[in-house]
Amino acid sequence: MKIETQEIPPTETLEQNIELWFKAGAAAVGSGDALATFLELRAALEAGTLRSAEPDASAPTGWRVNAWVKRGILLGFRLGALEEMNGCQAAGNSLLSFVDKATYPARRFAASDGIRIVPGGSSVRSGAHLARGVVMMPPAYVNAGAFVDEGTMIDSHALVGSCAQIGKRVHLSAAAQIGGVLEPVNASPVIIEDDALVGGNTGVYEGTIVRKGAVLAAGTILTRGTPVYDVVNGTVLRASADAPLIIPERAVVVPGSRAVTSGHGKAMGLSVYTPVIVKYRDEKTDISTALEDLLR
Ligand SMILES: CC(C)(COP(=O)(O)OP(=O)(O)OC[C@H]1O[C@@H](n2cnc3c(N)ncnc32)[C@H](O)[C@@H]1OP(=O)(O)O)[C@@H](O)C(=O)NCCC(=O)NCCS
């Protein structure tokens, strides 16, 4: 990557520098200072000392989005030129070849990091944090700005999208898709809190928050526009203009359906998909969700 002398003097803190270089637009490209600022942010994201969203008891949802951090992640995409990235080498020839932004190569790990990444096509992008005790089964992908906390299992074909926040001891089952969001920068990412179980083939998108200990049964899909019927309390949970869809603590959500009650849909006898909270976690759920302690 081309690095030139500084064109805009950097200010004191990382946040100020990120804002400065983000505002600089195309003028930041090629600046060594802009790159150094981004690399400082990327290292802090990887270490988990800085997050794109973090718990904040004073925020209405209990989580605060750090928009400046997201601007910093976007800055990294602007600063990075496309670069050839070669995989394993054999007899001088690269077996695999990739092309991506130079600022976001795949992360490398050592045994001392305390993370298990089982061989076979998984990738963790730079700028993502994995805490000790995380296990990744192949193939799985963790995108930039994501935060995955201690003891979480990321099973095969799971995706942790950009800036998604995954708590401690979460189980992301096979093919669970956790949507990412970079823009708009104030958009809240998907948040899966501690001890949640996200079943196989689930999809959690558009800033949905899954509270502690909740269980999403296999095949559940949650978006901003998905109403969730809580048959325990007789309520319907929805996102609003200023709050995402929130699945309560320990709720057990299964994929269901409900009849269309008007218009042609009713006349045609149709029903639509709807997630249903059938119960709140009990001992039976704990038995059903005890998956892989012996494998760890
Ligand atoms: C949700 C789950 C954990 C079961 O939890 P549980 O507390 O044992 O649930 P229960 O068996 O007590 O069922 C409660 C109610 O929900 C219904 N239900 C349970 N799982 C359901 C599912 N997946 N889809 C639709 N309904 C379901 C039951 O029929 C029961 O309803 P009923 O009382 O009217 O018969 C389990 O179904 C599940 O999806 N596990 C995750 C599987 C998975 O993805 N594994 C990944 C391995 S990589």
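These remarks concern the structure in this document. The structure displayed is predicted, hence computed values, not measured ones. (Residues numbered from 1 in each chain as written. Predicted model: local features only at pLDDT ≥ 70, side-chain atom pairs only at ≥ 80, totals over all residues. Heavy atoms only, no water.)

## Concerning the site of the ligand
Here is step 1: Inspection of the region around the ligand gives 18 residues, with Gly200, Lys279, Lys284, Thr285 and Ser288 positioned closest.
Here is step 2: Lys279 places a polar side-chain atom, nitrogen or oxygen, 2.7 Å from an oxygen atom of the ligand.
Here is step 3: Within the side chain of Lys284, a nitrogen or oxygen atom sits 2.7 Å from an oxygen atom of the ligand.
Here is step 4: Contact with the protein chains covers 55% of the free accessible surface of the ligand, which is 910 Å².
Here is step 5: Considering every element that reaches the shell around the ligand, the biggest residue donor is helix α5 (residues 283–289), with four residues.
Here is step 6: In the shell around the ligand, the residues fall into nine nonpolar, six polar and three charged. (Near = heavy atom within 4 Å. Polar contact = N/O pair within 3.5 Å; in protein donor to acceptor, adjacent residues only side chain to side chain. Areas by Shrake-Rupley, 256 points an atom, 1.4 Å probe, with all protein chains shown as cover. Helix = DSSP H or I, 4+ residues; strand = E, 2+ residues; numbered from the N terminus. Nonpolar A, V, L, I, M, F, W, Y, C, P; charged D, E, K, R; others polar.)

## Regarding the pattern of salt bridges
Note that side chains of opposite charge can pair when their charged atoms are close.
Here is step 1: For the coordinates displayed, the defined rule picks out 11 salt bridges.
Here is step 2: The closest approach of N and O atoms between Asp195 and Arg169, which form a salt bridge, is 2.7 Å. Here Arg169 lies in the loop between β15 (165–166) and β16 (171–172) and Asp195 lies in the loop between β18 (191–192) and β19 (197–198), a separation of 26 residues in the sequence.
Here is step 3: Between Asp282 and Lys279 there is a salt bridge; the shortest N-O distance is 3.1 Å.
Here is step 4: Looking at Asp282, the relative accessible area reads 32%, which means it is partly exposed. (Salt bridge = Lys/Arg side-chain N within 4 Å of Asp/Glu carboxyl O. Buried < 20%, exposed > 50% of the residue type's maximum accessible area, 1.4 Å probe, protein only.)

## Focus: the sheet that holds β18
Sheets are built from strands paired through backbone hydrogen bonds, the pairs being either parallel or antiparallel.
Here is step 1: Pairing is parallel in the open sheet, where six strands are placed in the order β9-β12-β15-β18-β21-β26. Both edges of this open sheet fall to β9 (129–130) and β26 (246–247), since each of them pairs with a single strand only. (Pairing = 2+ DSSP bridges.)

## Describing the packing of helix α1 (residues 14–23) against helix α2 (residues 32–47)
Here is step 1: At a closest axis distance of 10 Å, the pairing of α1 and α2 adopts a crossing angle of 130 degrees. By the angle class used here, α1 and α2 are oblique. Once α1 is placed against α2, the crossing between them reads as left-handed. Between α1, through Leu14, Asn17, Ile18 and Trp21, and α2, the contact on the second element is made entirely by Asp33, Ala34, Thr37, Glu40 and Leu41.
Here is step 2: The residue makeup of the contact of α1 with α2, split by class, is five nonpolar, two polar and two charged. (Axes fitted to C-alpha atoms, helices over the stretch in contact; angles between N-to-C directions. Parallel < 35°, antiparallel > 145°, perpendicular 65-115°, else oblique. Left-handed = near helix turned anticlockwise from the far one by under 90°. Contact = heavy atoms within 4.5 Å.)

## Thoughts on the environment of Arg108
Here is step 1: Mapped onto the elements of the fold, Arg108 is located in the loop between β6 (97–101) and β7 (116–117).
Here is step 2: By relative accessible area, which is 76% here, Arg108 ends up exposed.
Here is step 3: Through-space distance from the C-alpha of Arg108 to that of Gly32 is 23 Å; in sequence the pair is 76 residues apart.

## Description of the sheet that holds strand β27 (residues 251–259)
Here is step 1: Strand order in the open sheet formed by 10 strands is β7-β10-β13-β16-β19-β22-β27-β28-β24-β25, with mixed pairing between adjacent strands. Only two strands of the sheet have a single partner each, and these edge strands are β7 and β25 (235–237).
Here is step 2: Pairing geometry for β7 and strand β10 (residues 135–136), over two bridges, is parallel. Bridge pairing links Ile117 to Met136 in β10.

## Concerning a nonpolar patch on the surface
Here is step 1: Taken together, Leu95, Leu96 and Phe98 make up a surface patch of nonpolar side chains, about 300 Å² in accessible area.
Here is step 2: Along the polypeptide, Leu96 turns up in the loop between β5 (93–94) and β6. (Patch = residues over 30% accessible without salt bridge, like charges linked within 9 Å, V, L, I, M, F, W, Y side chains within 5 Å.)

## Quick word on the pairing of β27
Here is step 1: Direction of pairing for strand β22 (residues 215–216) relative to β27: parallel, over a ladder of two bridges. What sits directly across from Val215, in β27, is Val252.
Here is step 2: Two elements, β27 and strand β28 (residues 271–280), share nine bridges in a ladder whose sense is antiparallel. Counted as the bridge partner of Ala251 is Tyr280 from β28.

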